[in-house]
Amino acid sequence: MKLSFLLALPTTLLTLLTPTLASPEYNEHLHLIPLSNEYLYAGFNFTSTTSQSAYRANNYRYFPRSLGQILQYSRASELHLRFALGRWDEETWGARPRHGRREGGTGVELWAWIDAEGGTEAVEERWSALVNSLSGLFCASLNFIDGTKTIRPVLSFDSEGTSRSTAGSKQLLLHGTLANEVVCTENLTPFLKLLPCKGKAGISSLLDGHKVFDANWQTMSIDVRPICPASDAECMIEVQQTADVVLDLERSMRPRDDPIPRPQPIAEIECDEGKHYHGGDTCYPKRKQGAKRWSLSKVFGSPVIGSCHLSERNDGEAEEKWDISLEVPSEHIVEASAMQDSLTSDDQIRLYRLSESRTQRSDLSLPHQYESGSRLRPQPALYATRQITGHGQERGGMHAVLRNPHPYAQQIIYLETLPWFLRPYMHTLKVNHRFNSTEDKSARPVDVFLEKIFYTPAIDRSRATKVEVMFTIPPESTVELTYDFEKAVLRYTEYPPDANRGFDIAAAVIRVLGSIKGLGREGDSYIRTTSLLLPLPTPDFSMPYNVIILTSTVIALGFGSIFNLLVRRFVLVEEIPKGPLAGLVARVKVGLGKLRGGKGEWAEGAGGAGGAGGAGGAGSANRAHEDAAADGEARRAGQTGVNGRVGEGKDGLTNVERKDR
Amino acid sequence: MEHPVSNDVKRAEAPAPPAQSPQVTWTRRWIIMSFWAIIVCFGLPHWLLTTSTYRATLPLDSMDWWAQGDQVCAVDEAGWLPQHSENEKAFRYASTYHLTFSLFTPAAMPADWSIEEALNQYVRPLTTALSNVSDFTIETQVQLHASFSPSIAGPQFDAATRDWILQKSDLRGFINAAEWPLSPSIGAGPTMNFVLYVPALEQTPLVIAETGRSTSWMILQWGGVAILNQVGEPSPKLTMADMEPVMLTFAEQLATLLGLPSDAGSFDNRVLHLKQTRAVSLIKSASSTLGALSRLTLKLKAIAIPDTVAAAVDKTLSSLEQACNALQLGKWDTALHHARTGNDAIETAFFEPSMVGQVYFPDEHKVAVYVPLLGPMAVPLIMTGLKEFRSWRQARKAKAD
């Protein structure tokens, strides 16, 4: 429970401290936990506060001006912005940091409480102003969060701030997701610029895009909330920025100038000499025991530069100030350079304070430990997965599996934002459960009672579907939530350039109510499933041009026939006046006949008739001649050819209509 | 009309096709003519209608007349206009200006300043006096760990004077645009930046070369910069006394950036002159935008001109008229108001987004898509038309002979 207390510390601590804070404050710290032996969790936390009067007067100190003016312009009183990448592996890494309260679904997630004055339209305008300005500030495509990606959740989120409600002021919660946004370095740079020390001093100097975005799991969050103490003291505005990463120790410690994984030199490999085939030329590498060796400077590419201690030191608080906390078993050796260290009362967590110097480089290094570094991590409140089922381009199904590993029932709220082109059939919504211990898989699952459902149907091209369901998962059981859906067919121009990749469906947000006893609302935890890819039927994008060309050709063909029938004059073949080409054609044919020597006589006769019929006759005669030549009876065959042509001519003639009459 | 059919006949001279009755010939000609009539009277207009963009008619003549020059409003001839023209550092006139005061330091100190009191004493009196000319919003910020841009050489130590010297060529790149958060404020209107730079202790005092230890300068239509060299130990908070010289500099820079004349006597007189010059410059600016719009519509035949643009042009023309009248009557506030309305309207119209969309859809493109239809239809139509025309001319000639 010590751990969970520490992870929740930033919020709880500040809530306790704020009433006593008169001047703007800033603090930052980094929490490190080696997860199993391969991974390191690093949670950065930066909090700054400002008094409401300074905020209103636009006098910014540690609170970032760029963010402050956006919030005031869009009249947002509370803001939560998330950038996330990768997947938290619950099976091996255990419960999520900060109870999942500071992470988002893959891509970008944003929710904010906006002044409701002026009605829905005014709120939508403010929301649009908010997403557009944040889009510019964070270099992200947040401006694509329009009506089709925005919902208004009822149960899933509670305001984290405390504000003195003035009469008549109402706040509206809006929530938007952008699952297809790829979070990258260009989002980290503006994130760092919001900090007073800008990544140049203190723990933020560790945040380097190359390492952070090479992580297995990474999330950045920005949370702004008002805090009003119960007394008559002045309200404060707090901005909390967090960056959580899970780094693969081996991968992140590769030297930057040689990032390609290569086999270790044979001299450095420790061989297992116990194997019977071990010899001078064979080596069976020994499995490494215990925890890996690592240091901050190797994992993050550079040591911590200086410190970012900005707050005026009050003697009473000074001893609580620490920059880095490390959670390793007490018997582990930790070498700290240029840092003051201390232990928490139960020896489980080591605390480090950076030196005040601006340029001092500080580092933490852990040599290879023979005991395993991993302690039993706390179990997550729930295990949640979600998949798309079914096949074909028309229909599909959603299938979410929520497993409660605990011996007590848990009440949860399940929230989904679905794009309008995924049309759920709500009558097929089924939630049922089965106990984890049930051996007989054929046993009928039991229906779960749905306590509350909030459902907003989609409107094509203008509103997303919202499904919010509240129910209780019985102890040690697995709940399956399923429904069927239909896939809409998009318009030609609505497909993105990579249409065949599929369309991203935002993660489902699961709020587990009060799983930690005694903490009330603060004890809620959040779990997000992975986002999904929905394949939609995609057309052939050259289709419009093909259609235009084909239709045009058909119309032109029809037009040509009708037009010719109407204006052409029909005469006998013989009556066709000889054009200037006819003489030339006849001469060429004579020439051809001469080239063929004595056998050309009949060919010339055939060619003499002129016109199209003549050419066809010559062709058939030639074919006949070639066949006959093989038999050595050229002459006879030639006659047959000529006769055949004349016969054709006769037939052709009788068929000619005499239109002139 | 009997023709014996045999090879012999074919070899002989081909017989001429039978003569056609004039009635048949004329039926054919009527058919061809009706096809052409449909194409010309229906097809062509339909094609033009469906592929053309809407262009509202603009009063191009009056637009050009306004754009022709200064004599239009008969303003410059009047002797009452102050002779000094506007300085080029000044911002263009706007109804709202955002002022941002920033404290930058490469160190972690000073992290606080008594800016609210300083603003009340040095800046707010000025903005209040000008409140009927423009609105002002004020923001302040503190930025620590601000480093110079790598593109400038940076300050050099002068052993003789024990000063750190900033070369004049470095002033241009002094503001590290890539890293310093000086983004413009949200909302309409330009942002004026006032940067107070406190150098690190090891680079104090920092002065500009060749200016006699000057520590402030202005950046064209952007704002002003002032360096504050702290004496002695750096304090965590700048007091009013520390900031007094800098704030006086900022107030002076603000007046210059707003275009307030410096040599026009009393403050009220200066404000009056500011209004005059602003009104005239707005009329000039609106007139030149009118001219630009007129030239644009003539040059780009394919762009659409929505009705809103035409309405804005009309509004501008009438506003300019009223502004000119007011100027001649000496009603500065009214003149300024009308000039502002006119200029805002024409600026919005000039940047109307729907005017730009059509530029990249040229006529060749439209025709190219329909070539499979137009080509096969045009060839028989033109060929038969020509043939029939030729035969008709021959027949007439024969008749005449």
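All values derive from a computational prediction rather than experimental measurement.

Moving on, we get to the overall build of chain A. Scanning chain A from N- to C-terminus turns up 15 helices and 27 strands. Counting across all 661 residues of chain A, residues that qualify as buried make up 48%. Long-range pairs, those at least 24 residues apart, make up 75% of the contacts in chain A with a sequence separation of at least 6. Carbon and sulfur atoms make up 54% of the accessible area of chain A, which totals about 32,200 Å².

This paragraph deals with the state of the cysteines. Residues and elements named next belong to chain A. For the structure on display, the rule yields 3 disulfides over all chains. With its sulfur 2.0 Å from that of its partner, C228 forms a disulfide with C235. An S-S torsion of about 110° defines the bridge between C228 and C235 as right-handed. The pair formed by C228 and C235 is uniform in burial state, with each residue classed as buried. Each disulfide in chain A links cysteines that, numbered along the sequence, combine into the pattern 1-6, 2-3, 4-5. Free cysteine: C184, not disulfide-bonded; nearest cysteine sulfur from C139 at 11 Å. On the accessibility criterion, C184 (29% relative accessible area) is partly exposed.

All right, on to the sheet that holds strand β19 (residues 422–435) of chain A then. Residues and elements named next belong to chain A. Pairing is antiparallel across the open sheet formed by 5 strands, whose spatial order is β16-β17-β23-β19-β20. The strands lining the two open edges of the sheet, one partner per strand, are β16 (383–389) and β20 (446–447). In terms of strand pairing, β19 meets β20 through 2 bridges, oriented antiparallel. Counterpart to H433 in the pairing with β20 is V446.

All names here are of chain A. Per the domain assignment, the segments making up chain A are domain 1 (25–366), domain 2 (383–534) and domain 3 (571–590 + 642–661). One C-alpha centre belongs to domain 1, the other to domain 2, and the line joining them spans 28 Å. Listed per partner, the contact involves 30 residues of domain 1 and 33 residues of domain 2. Between domain 1 and domain 2, a total of about 2,600 Å² is buried, with carbon and sulfur atoms accounting for 55% of that surface. Our enumeration of links across domain 1 and domain 2 arrives at 3 salt bridges. In this structure, the salt-bridge partner of E109 is R528, at a minimum N-O distance of 2.9 Å. Among the secondary structure elements, those contributing two or more residues to the side of domain 1 that touches domain 2 are α5 (90–93), β4 (107–115), β5 (150–151) and β6 (171–178). The residue inventory of the side of domain 1 that touches domain 2, partitioned by class, reads 7 nonpolar, 13 polar and 10 charged.

The accessible area lost on association of the parts is a frequent measure of interface size. At the interface, 53 residues of chain B touch 42 residues of chain A. Summed over both sides, the interface between chain B and chain A buries roughly 4,500 Å², with carbon and sulfur atoms accounting for 58% of that surface. Taken together, chain B and chain A are joined by 3 salt bridges. For the salt bridge of E179(B) with K200(A), the shortest nitrogen-to-oxygen distance reads 3.0 Å.

The next thing to look at is the packing of helix α4 (residues 65–73) of chain A against helix α6 (residues 119–138) of chain A. Residue and element names in this part refer to chain A. Where α4 meets α6, the closest approach of the two axes is 9 Å, and the angle between their N-to-C directions is 165°. The angle between α4 and α6 places the two elements in the roughly antiparallel class. Seen along the crossing, α4 lies across α6 with a hand that is right-handed. Taking contact as the criterion, the partners of S66, L67, I70, L71 and Y73 in α4 are, on α6, A129, L130, S133, L134 and L137. The residue makeup of the contact of α4 with α6, split by class, is 8 nonpolar, 2 polar and no charged.

What counts as what
Every chain is numbered independently, its residues counted from 1 as its sequence is written. The naming scheme follows written order: chains are lettered A onward, ligands numbered 1 onward. Only residues with pLDDT of at least 70 get local features here, since the model is predicted, and only at 80 or more are side-chain atom pairs given and counted; chain-wide, interface and lining totals rely on the full set of residues. Only hydrogens and water are set aside when side-chain values are computed; all heavy atoms of the structure are taken into account. Helix numbers and strand numbers start at the N terminus; a helix is a DSSP run of H or I with at least 4 residues, a strand a run of E with at least 2. Classification of residues uses two cut-offs on accessible area relative to the type maximum, computed with a 1.4 Å probe and protein chains only: under 20% is buried, over 50% is exposed, and between them is partly exposed. We call two residues in contact when some of their heavy atoms are within 4.5 Å. Here, Shrake-Rupley sampling with a 1.4 Å probe gives the accessible areas, and only protein chains in the shown set may cover a residue. Cysteine sulfur atoms are paired as a disulfide whenever they come within 2.5 Å of each other. Only strands joined by at least two bridges in the DSSP assignment are considered to pair. The domain limits used here are those given by an automatic or database domain assignment. By convention, the term buried area covers the 1.4 Å-probe accessible surface removed from two parts as they join, with the contributions of both added. By definition, a salt bridge exists where a carboxyl oxygen of Asp or Glu is found within 4 Å of a side-chain nitrogen of Lys or Arg. Under the scheme applied, nonpolar residues are Ala, Val, Leu, Ile, Met, Phe, Trp, Tyr, Cys and Pro; charged residues are Asp, Glu, Lys and Arg; polar residues are all the others, including Gly. With axes taken as lines fitted to C-alpha atoms, and helix axes fitted only over the stretch in contact, angles between N-to-C directions fall between 0 and 180 degrees. Reported orientations rely on four angle classes, namely roughly parallel under 35 degrees, roughly antiparallel over 145, roughly perpendicular from 65 to 115, and oblique for the rest. By convention, the crossing between two helices is left-handed when the near helix turns anticlockwise from the far helix through less than a right angle, and right-handed when the turn is clockwise.

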